[in-house]
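So the chains spell out like this:
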Amino acid sequence: MFSGSQTSPSVASLNHNPREVTPMVRLHVPAALSALLLGVMLSGYAGPLPAATHAVQQAASPAGHPDIFRFKIGKLDAVALKDGDIDAANDGKTFGVGQPNGAVSALLAAAGQPTDVLHLSIQPLLVRSGKRVLLFDTGAADASFARAGRLPVSMREAGVAPAQVTDIFISHRHQDHTGGLLTRGGALAFPNAVIHISAPEWEALKKDGGNAALVAAITPKVETFEPGATILPGVVNAVDVRGHTPGHSAYEITSGNERLLYIGDVVHHYVVSVQRPEWTVEYDEDAPAAQSTRRAELKRMAENNERVYAVHFPFPGLGHVTKQGDSFVWVPEGP
């Protein structure tokens, strides 16, 4: 999300907002059983779902840890992993830059949200595909602009050890997406994982002097791809969504006829960015390109009834975008 050397002048504390649409529940199990149950926890749905949803199978138990949310992508087991939160001040400098005073506040108030701050969640996504364990972004860790760093605990609650992760997919270089790549001691947090990042984004990361230590540590693990490339055939395709950063990538995750779009930072806030995609966002490095990409992608999501995973929307960030007049609205599914 954040540019330059990973700082932001307009963020401070945090909050999150669980939502509800489809019949999915969290699962919490003792640590000794979690790894086993991750592969078998969800089972059959016998009838059709409404047009606004995809096939989502119900978990085996209604209890759950608040920082994990299990769901299915076709036959793939997936888990939303809470890392933390960010608050962006509603000061005209972050969202709706250049808009009249009160324009952002009016949208927030209409959605029943506080008008002084915009709450952003941070939730990397974990997906099991056969013997591979895929992690999409790594959270903010100790970034000064967030209260984060809960990813290791969330992963443990999900029954996954860092050494089990085989592939990491980085949407872009900002610290709330790359912060968890290294431990506090500077070692690789996921020592056995290949790190996938687009070639333009990798070049931008290498040029950022504030990331020299990160670049040195992860270079042996990095595999770059061209924007929009197929990375894991039949499972993960990159989607070229430049504008936020030079090589920003979303990821389409597929299993049979089911698919999920991990959107990275195409859209930041579930109200303001969705309903006013043309408004300038401070975090976008090429604002006009990002605005064009945002509207085009929201249009495509709505027209295709795309199932979406939004890393900064209220936890777990899972749902759909629907058209509303000349704009769009977020329809969450989750707890």
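Bear in mind the structure is a predicted one, so any value in this text is a computation, not a measurement.

Colleague: How do you make sense of the side chain of H177 when you look at a structure like this?
Modeller: Within the secondary structure, H177 is located in helix α4 (residues 175-178). Engagement of the side chain of H177 in a polar contact is seen with the side chain of D176, the distance being 3.4 Å.

Colleague: Got a minute to help me understand helix α2 (residues 103-110) in this structure?
Modeller: Spacing of three or four residues puts side chains on the same side of an α-helix, whose turn is 3.6 residues. For α2, the full list of buried residues reads A103, V104, L107 and L108. The arc enclosing the buried residues of α2, seen along the axis, measures out at 135°, which places them on a common side. Following α2 by one or two positions, G112 adopts a phi angle in the positive range, close to 75°.

Colleague: Help me out: how do you make sense of the pattern of salt bridges in this one?
Modeller: Close approach of charged atoms allows side chains with opposite charge to pair. Within this structure, the stated rule accounts for 18 salt bridges. Members of the salt-bridge network, linked through shared partners, are E252, R259, E297, R300 and E306.

Colleague: Explanation requested: the sheet that holds strand β11 (residues 230-232) in the structure shown.
Modeller: Through backbone hydrogen bonds, the strands of a sheet pair up, either in parallel or in antiparallel fashion. Strand order in the open sheet made by the 7 strands is β11-β12-β13-β14-β16-β17-β18, with mixed pairing throughout. Either end of the sheet is taken by a strand with one partner, and the two such strands are β11 and β18 (327-333). Pairing geometry for strand β14 (residues 258-262) and strand β16 (residues 308-309), over 2 bridges, is parallel. Its bridge partner being in β16, Y262 is matched across the sheet by Y309.

Colleague: Whenever I open this one, the packing of aromatic side chains confuses me. Can you help?
Modeller: One pair of aromatic rings is described through two measures. These are the centre distance and the angle between the planes. Taken as a whole, this structure holds 11 aromatic pairs when the rule is applied. On the basis of an interplanar angle of 20° and a centroid distance of 6.3 Å, the ring pair of F71 and Y309 is categorised as stacked. Residue F71 is located in strand β1 (residues 68-73), and its partner Y309 is located in strand β16; the two are separated by 238 residues in the primary sequence. No difference in accessibility class separates F71 from Y309, as the two residues are buried. Against the face of W279 rests R276, its NZ or CZ located 5.9 Å from the ring centre.

Colleague: Explanation requested: the sheet that holds strand β10 (residues 222-225) in the structure shown.
Modeller: One open sheet accounts for 7 strands, arranged β1-β2-β6-β7-β8-β9-β10; its pairing is mixed. Bordering the open sheet on either side are β1 and β10, each of which pairs with just one other strand. This sheet shows a mean twist of 25° between the axes of neighbouring strands, independent of strand direction. The sheet contact formed by strand β2 (residues 76-81) and strand β6 (residues 125-129) spans 4 bridges and is antiparallel. The residue of β6 that forms the bridge with A78 is V127. Relative to the sheet, helix α5 (residues 199-207) contacts β9 (194-198) and β10, its axis offset from that of β9 by approximately 100°.

Colleague: Help me understand the pairing of strand β7 (residues 132-136), please; the structure alone is not making it clear to me.
Modeller: One face of the sheet, then the other: side chains in a regular strand alternate in exactly this way. Counting buried positions along β7 yields 4 of 5 residues, so the element is predominantly enclosed. Linkage of β6 to β7, two consecutive antiparallel strands, is achieved through a turn of 2 residues, within which G130 is found at a positive phi near 60°. Relative to strand β8 (residues 167-169), β7 runs parallel, the two sharing 3 bridges. In the sheet register, L134 faces β8, and the bridge partner there is D167. The parallel pair β7 and β8, bridged by helix α3 (residues 151-157), forms a crossover whose chirality is right-handed.

Colleague: Help me understand the side chain of T254, please; the structure alone is not making it clear to me.
Modeller: Position of T254 among the secondary structure elements: in strand β13 (residues 249-255). With relative accessibility at 15%, the residue T254 sits in the buried group. At 2.7 Å, the side chain of T254 forms a polar contact with the backbone oxygen of G234. For T254, the contacting residues outside a window of four places in its chain are L76, G234, V235 and R259.

Colleague: Would you explain the environment of F328 in this entry?
Modeller: Note on placement: F328 falls in strand β18. Spatially, the C-alpha atom of F328 lies 9.2 Å from that of R295, the residues being 33 residues apart in sequence. With sequence-adjacent residues up to four places away left out, F328 is seen in contact with V274, Q275, P277, R295, L298, K299, A302, V321, T322 and K323.

Colleague: I would appreciate a short explanation of α5 in the present structure.
Modeller: Of all the positions in α5, only A199, E201, W202, A204 and L205 are classed as buried. Summarising the contacts, the buried residues of α5 are in contact with β9, α6 (212-218) and β10.

Colleague: Is there a simple way to think about the nonpolar core in this case?
Modeller: Considering soluble globular proteins, one finds that nonpolar side chains tend to be buried as a cluster. In terms of nonpolar packing, the biggest core is built from 36 residues, with F95 and I263 touching the most fellow members. Listing elements by their share of this core, those giving two or more residues are β3 (84-89), α2, β5 (117-122), α7 (272-275), α8 (287-303) and β18. Broken down by element, this core gets its largest block of residues, 4 residues, from α2. With residues up to four places along the chain from it excluded, the contact list for I263 reads H248, A250, M301, V308, Y309 and A310. One finds V79, V133, A193 and V222 within the second-largest nonpolar core, a separate group that totals 26 residues.

Colleague: How do you make sense of the environment of R147 when you look at a structure like this?
Modeller: By secondary structure assignment, the location of R147 is in the loop between β7 and α3. Residue classification places R147 among the exposed residues on the basis of a relative accessible area of 52%. Each C-alpha atom of the pair R147 and G84 lies 5.6 Å from the other, and the pair is 63 residues apart in sequence.

Calculation criteria
- Residues numbered from 1 in each chain as written.
- Predicted model: local features only at pLDDT ≥ 70, side-chain atom pairs only at ≥ 80, totals over all residues.
- Heavy atoms only, no water.
- Helix = DSSP H or I, 4+ residues; strand = E, 2+ residues; numbered from the N terminus.
- Polar contact = N/O pair within 3.5 Å; in protein donor to acceptor, adjacent residues only side chain to side chain.
- Buried < 20%, exposed > 50% of the residue type's maximum accessible area, 1.4 Å probe, protein only.
- Arc of directions from axis to C-beta.
- Salt bridge = Lys/Arg side-chain N within 4 Å of Asp/Glu carboxyl O.
- Pairing = 2+ DSSP bridges.
- Phe/Tyr/Trp six-rings, centres within 6.5 Å; stacked < 30°, edge-to-face > 60°.
- Lys NZ or Arg CZ within 6 Å of the ring centre and 35° of its normal.
- Axes fitted to C-alpha atoms, helices over the stretch in contact; angles between N-to-C directions.
- Contact = heavy atoms within 4.5 Å.
- Right-handed = clockwise from strand over helix to strand, strands pointing away.
- Core = buried A, V, L, I, M, F, W, Y, C linked by side-chain atoms within 4.5 Å.

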